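Each chain, written out:
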Amino acid sequence: MAGPGSKASLEFVDGETILEVYEGSTAEQQAAGQPTDQLTASSEVQPKPTTTPSLSLEQGLEREVSASSSSPQSPLLPPIPPENETTQPEFNIITAFLGVPHIVEDFLSYLDVDSLLRAQQVCKHWRWVIASLPVWKHHVQYRARNDSLWRNLFERRGWSKYLSGDAKDYNFYRDLCSCVCKDINSLENNWRKGNYSERRVKFDSYIRCLRCDEKKIVAGFEDGSIKIYDRKTLAVMTVLRRKPHSPVQCVDFNDVVVISGSEDRCIRVWDITGSAIPQKVLKVERHERAIRALKLAGNTLVTGSEDGKVLIWEVKFKCPTAAYVKKTKKHGYAVYAVDINESYIVSGSGDSTIKVWDAFTYGMLHKFAGHCSVVSCLQLRGHHLVSGSLDKTLRVWNVESGECLRTLGHEGLFWDGISVTDNRICSNADDKTVKVWDFRKAVNKIVPDSAEFCLSTLKEQDLGIQCHGLHCDDFELVLGNIHGILVWDFSSGLTLEGLYS
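Throughout what follows, the structure given in this document is the object of discussion. (Residues numbered from 1 in each chain as written. Predicted model: local features only at pLDDT ≥ 70, side-chain atom pairs only at ≥ 80, totals over all residues. Heavy atoms only, no water.)

1. Examining the overall build of the protein chain
(1) Moving on: Scanning the protein chain from N- to C-terminus turns up nine helices and 30 strands.
(2) Moving on: Put simply, 48% of the contacts in the protein chain that link residues at least 6 apart link residues at least 24 apart.
(3) Moving on: Of the roughly 24,400 Å² of accessible surface on the protein chain, a fraction of 50% belongs to carbon and sulfur atoms. (Helix = DSSP H or I, 4+ residues; strand = E, 2+ residues; numbered from the N terminus. Contact = heavy atoms within 4.5 Å. Areas by Shrake-Rupley, 256 points an atom, 1.4 Å probe, with all protein chains shown as cover.)

Have a look at this one:
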């Protein structure tokens, strides 16, 4: 608080004092014979101003706005539009920072889309400032880099070209951002309501496993064949094995090779980069019984077998292709599911347990015991793990703490039917349903267990008794079963410019 008779000043970034208020004298000063304009903290006498009247806060703000409009502007901003009578003075405080537009831009970068739209409606100065700075462009660029749904939508619609360069004005990015949000809302509604279009292909042989990416689907069959399909048309691109062999139990691939594991205990590696007909370049046999699961990540391969072992391999893709076992881990019973990411290796076993190893040191971190039957499928997503079991439950774990966050369920048994994205979990059991769960809500410990986690239940008579392979992304759900491959596309209603281009 300023002392009696003191002067209070309000200064802005340019150093200009825009408000000086002299408080009145006190009764003690008058009784002591001191002049009313003399400071009590000093013997120095301050002459009482005669030209600067006391200003209210509203008057000070009006004066600040007037000073800002007449002061030199930043070269990054156009001139301020003229005042009008309807402008609210208290909202124009933002013009005090026009000389440092990076501060305004940094402040606005914390707002979401709805808040930015509301901020533009506050007054014409705010609308002008937001339109004059690259706020919308930077918001779009940030979301497209850090949000997988935005990034995938930009790729499918052919909008990635707008994320660099200055070809478009800032209002374009505002409209683009609004369009993306509408498409995301439509997409989420389709997932919730079960609105999808279907593509399918039927088989003569029974499918045992399935993996896919954005362009192709790789499926392994009971007769020992492995087929690669175009994901858009479901046309057969390549058949890797034509003669009858031992049933293929698991398969994975990257841009260079396809790797399969089968009942005959063998791991086979196929080169898909050379000639039109892929060549088998490696066959290794290190397990003692049938191989039930494998996962490829970079040059690391993890395999699980009915012999109760988990083998961690290093695969060299350069000619000649080779694979070496780096570590051997053991379960007490058969291993039916494995997965790996940049931090963890996990495996699920017939003894109803899940083991977690460090991906660098290979030391065991946790042993999860929560399921009551065989752990038949699991998938890592960051530091979370989703597992499915023949006990008809789906469990969500925190891998770092070892805590089981949620227990969800079907009315049927889980086989190889879970897939996880940043937003949802898709699961299929032998009750002929696919359930879509809210993944973000499931991993949020604040949400009570009584909350509704199931977004939708999709029913299809042709789903069959068992699903051997399920994959979901933000737009499609791919299933493999005894009838063939089903692709459910939930992007209907969107303007899919550049789709599969």
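2. Thoughts on the pairing of strand β21 (residues 384-389)
(1) Moving on: For β21, the buried fraction is high: six of the six residues fall into the buried class.
(2) Moving on: Side chains His384, Val386 and Gly388 project from β21 onto one buried face, and the interleaved Leu385, Ser387 and Ser389 project onto a second face that is buried too.
(3) Moving on: Between the end of strand β20 (residues 375-381) and the start of β21, which pair antiparallel, lie two residues, with Gly382 showing a positive phi angle near 65 degrees.
(4) Moving on: Between β21 and strand β22 (residues 393-398), which pair antiparallel in sequence order, lie three residues; one of them, Lys392, sits at a positive phi of approximately 70 degrees. (Buried < 20%, exposed > 50% of the residue type's maximum accessible area, 1.4 Å probe, protein only. Pairing = 2+ DSSP bridges.)

3. Section: the packing of helix α4 (residues 113-120) against helix α6 (residues 135-146)
(1) Moving on: Where α4 meets α6, the closest approach of the two axes is 12 Å, and the angle between their N-to-C directions is 175 degrees. In terms of their interaxial angle, α4 and α6 are classed as roughly antiparallel. Here Val113, Leu116, Leu117 and Gln120 of α4 come into contact with α6, specifically with Val135, Trp136 and His139.
(2) Moving on: Here the contact of α4 with α6 is composed, by residue class, of five nonpolar, two polar and no charged. (Axes fitted to C-alpha atoms, helices over the stretch in contact; angles between N-to-C directions. Parallel < 35°, antiparallel > 145°, perpendicular 65-115°, else oblique. Nonpolar A, V, L, I, M, F, W, Y, C, P; charged D, E, K, R; others polar.)

4. Thoughts on the nonpolar core
(1) Moving on: Counting 38 residues, the largest nonpolar core has Leu176, Val180, Trp191, Leu477 and Trp488 as the members making the most contacts within it.
(2) Moving on: Element by element, the count of residues in this core is highest for helix α8 (residues 170-193), at seven residues.
(3) Moving on: Of all hydrophobic cores here, the second largest spans 17 residues; its members include Val386, Phe414, Val420 and Cys454. (Core = buried A, V, L, I, M, F, W, Y, C linked by side-chain atoms within 4.5 Å.)

5. With respect to the sheet that holds strand β4 (residues 207-212)
(1) Moving on: Taken in spatial order, the four strands line up as β4-β5-β6-β7 in an open sheet, and their pairing is antiparallel. With partners counted over all chains shown, the strands left at the sheet margins are β4 and β7 (236-239), one partner each. Strand-to-strand twist of the sheet, defined as the mean angle between neighbouring strand axes without regard to direction, takes the value 20 degrees.
(2) Moving on: Sheet analysis places strand β6 (residues 226-230) next to β7, joined by three bridges and oriented antiparallel. Bridging across to β7, Lys227 finds its partner in Val239.

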